[in-house]
Amino acid sequence: MPDKPSAPPRAWQRMLSGRRLDLLDPSPLDVELSDIAHGLARVARWNGQTRGDHAFSVAQHSLLVEAIVARLEPAATGQIRLAALLHDAPEYVIGDMISPFKSVVGGGYKEVEKRLQRAIHLRFGLPAELPAGSTKLIKRADQIAAYFEATELAGFSAKEAAQFFGRPSGFSADQLQLAPRPAKAAQRQFEEQVAALATLI
């Protein structure tokens, strides 16, 4: 008898909210804030290689980037600030892959990430694709956050961090929230900030 055809590999993840998120064709209807906040608060930046009693989570990093955007551009709209807060939101599903590994994996990872980002943006009333100026502002804030995380938490020297992320001007570590926090506290703060910014768009 011929072999029974095998079932296609599962390409969805069951979320704690009960949603079933399809990674190949994610729907905004299956994106829940509670799932994003829960996941990001438990995903460690820098593969967990940071100082402190708790991991410095992607949720905390996202809050840091949004705060830096607000400082870089005080007139930034609620839409841009919310986009900054959600800039790494796909990582609630796919994790925080460090940049060197992304380079090794190549384009497949990026395609999945882009599809998830579009679905997340649509779920929260943001354009699927951000204007170039907004993307540039968020990227600059992301680099500033990375520099201070690298030097204050991840063991980089200032010279080494400047080589990879640039040396920020107009910011100092004591102005930023860099102390790693328990997952539940980071989750709650992330949810509250998304809800607050959502009222501004």
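This one's a predicted model, so the numbers in the text were calculated from it and none came from an experiment.

### Considerations on the side chain of Glu 149
Here is step 1 of the chain: Secondary-structure assignment places Glu 149 in helix 7 (residues 132-152).
Here is step 2 of the chain: The buried category is assigned to Glu 149, whose relative accessible area is 0%.
Here is step 3 of the chain: Among the polar contacts listed, one links the side chain of Glu 149 to the side chain of Trp 46, at a separation of 2.9 Å.

### Points about the packing of aromatic side chains
Here is step 1 of the chain: For the structure shown, the criterion picks out five aromatic pairs.
Here is step 2 of the chain: Residue placement shows Arg 10 over the ring face of Trp 12; its charged tip is 4.9 Å from the ring centre.
Here is step 3 of the chain: Here Arg 123 stacks its cationic end above the ring of Phe 124, 4.6 Å away from the centre of that ring.

### A closer look at the nonpolar core
Here is step 1 of the chain: By size, the foremost hydrophobic cluster in this structure holds 53 residues, and its most contacted members are Ile 36, Ile 68, Leu 86, Tyr 92, Phe 124 and Phe 190.
Here is step 2 of the chain: If near-sequence neighbours (up to four positions away) are discounted, Ile 68 is found in contact with Ala 141, Ile 144, Ala 145, Phe 171 and Leu 176.

### Remarks on unusual backbone geometry
Here is step 1 of the chain: Of note in the backbone geometry, Trp 46 takes a positive phi value of approximately 60 degrees without being a glycine.
Here is step 2 of the chain: Residue placement: Trp 46 occurs in the loop between helix 1 (33-40) and helix 2 (58-72).
Here is step 3 of the chain: Judged by relative accessible area, which is 16%, Trp 46 ranks as buried.
Here is step 4 of the chain: Despite not being glycine, Asn 47 shows a phi value in the positive range, around 55 degrees.
Here is step 5 of the chain: Tracing the backbone through its elements, the reader meets Asn 47 in the loop between helix 1 and helix 2.

### Some points on helix 3 (residues 78-85)
Here is step 1 of the chain: Counting buried positions along helix 3 yields six of eight residues, so the element is predominantly enclosed.
Here is step 2 of the chain: Looking only at helix 3, the buried set comprises Gly 78, Ile 80, Leu 82, Ala 83, Ala 84 and Leu 85.
Here is step 3 of the chain: In the core, the buried residues of helix 3 are packed alongside helix 2, helix 7 and helix 9 (183-198).

### As for the packing of helix 1 against helix 9
Here is step 1 of the chain: Close contact between helix 1 and helix 9 brings their axes to 8 Å; oriented N to C, the two are set at 140 degrees. Considering their axes alone, helix 1 and helix 9 lie oblique with respect to each other. In the packing of helix 1 onto helix 9, the handedness of the crossing is right-handed. Here helix 1 contributes Leu 33, Ser 34, Ile 36, Ala 37, His 38 and Leu 40 to the contact with helix 9, which in turn contributes Gln 187, Phe 190, Glu 191 and Val 194.

### A closer look at the pattern of salt bridges
Here is step 1 of the chain: Under the counting rule described, the total for this entry stands at six salt bridges.
Here is step 2 of the chain: In this structure, Arg 19 and Asp 30 form a salt bridge, with 3.8 Å as the shortest nitrogen-oxygen distance. Of the two residues, Arg 19 sits in the loop between strand 1 (12-14) and strand 2 (20-22) while Asp 30 sits in the loop between strand 2 and helix 1, which places them 11 residues apart along the sequence.
Here is step 3 of the chain: Arg 118 is paired through a salt bridge with Glu 129; the nearest N and O atoms lie 3.0 Å apart. Remark: Glu 129 occurs in the loop between helix 6 (107-123) and helix 7 and Arg 118 occurs in helix 6; sequence separation between them is 11 residues.
Here is step 4 of the chain: By relative accessible area, Arg 118 is classed as partly exposed at 30%.
Here is step 5 of the chain: Sharing partners across several salt bridges, the network here consists of Arg 19, Asp 30 and Glu 32.

### So, the environment of Pro 127
Here is step 1 of the chain: Within the secondary structure layout, Pro 127 lies in the loop between helix 6 and helix 7.
Here is step 2 of the chain: Judged by relative accessible area, which is 28%, Pro 127 ranks as partly exposed.
Here is step 3 of the chain: With 41 residues separating them along the chain, Pro 127 and Pro 168 place their C-alpha atoms 29 Å apart.
Here is step 4 of the chain: Here Pro 127 is in contact with Gln 79 and His 121, once residues within four sequence places are set aside.

Scoring rules and cut-offs
- Along each chain, residue indices are assigned from 1 in the same order as the chain's sequence is written.
- Only residues with pLDDT of at least 70 get local features here, since the model is predicted, and only at 80 or more are side-chain atom pairs given and counted; chain-wide, interface and lining totals rely on the full set of residues.
- The side-chain figures draw on all heavy atoms in the structure; neither hydrogens nor water molecules are used.
- Secondary structure follows DSSP: runs of H or I at least 4 residues long count as helices, runs of E at least 2 residues long count as strands, and numbering of each begins at the N terminus.
- For every residue, the accessible area (1.4 Å probe, protein chains only) is compared with the maximum for its type, and the residue is labelled buried under 20%, exposed over 50%, or partly exposed between those bounds.
- Any N or O atom pair separated by 3.5 Å or less is treated as a polar contact, with the protein-specific requirement of one donor-capable and one acceptor-capable atom, and with residues adjacent in sequence counted only for side-chain atom pairs.
- Any Phe, Tyr or Trp ring, taking Trp's six-membered ring, that has another such ring centre within 6.5 Å forms a pair; planes under 30 degrees apart are called stacked, those over 60 apart edge-to-face, and the others tilted.
- Charge over a ring is defined by NZ of Lys or CZ of Arg lying within 6 Å of the ring centre and within 35 degrees of the ring normal.
- Here, the term nonpolar core denotes a set of buried Ala, Val, Leu, Ile, Met, Phe, Trp, Tyr and Cys residues that are joined through side-chain atoms within 4.5 Å.
- Working rule for contacts: check all heavy atoms of both residues, and any pair within 4.5 Å makes them a contact.
- Each axis is a line fitted through C-alpha atoms, taken for helices only over the stretch in contact, and angles between the N-to-C directions span 0 to 180 degrees.
- Note on terminology: angles under 35 degrees are roughly parallel, angles over 145 are roughly antiparallel, angles of 65 to 115 are roughly perpendicular, and the others are oblique.
- Crossing handedness is defined as follows: a turn of the near helix away from the far one that is anticlockwise and smaller than a right angle gives a left-handed crossing, while the clockwise case is right-handed.
- Only one rule defines a salt bridge in this text: a Lys or Arg side-chain nitrogen within 4 Å of an Asp or Glu carboxyl oxygen.

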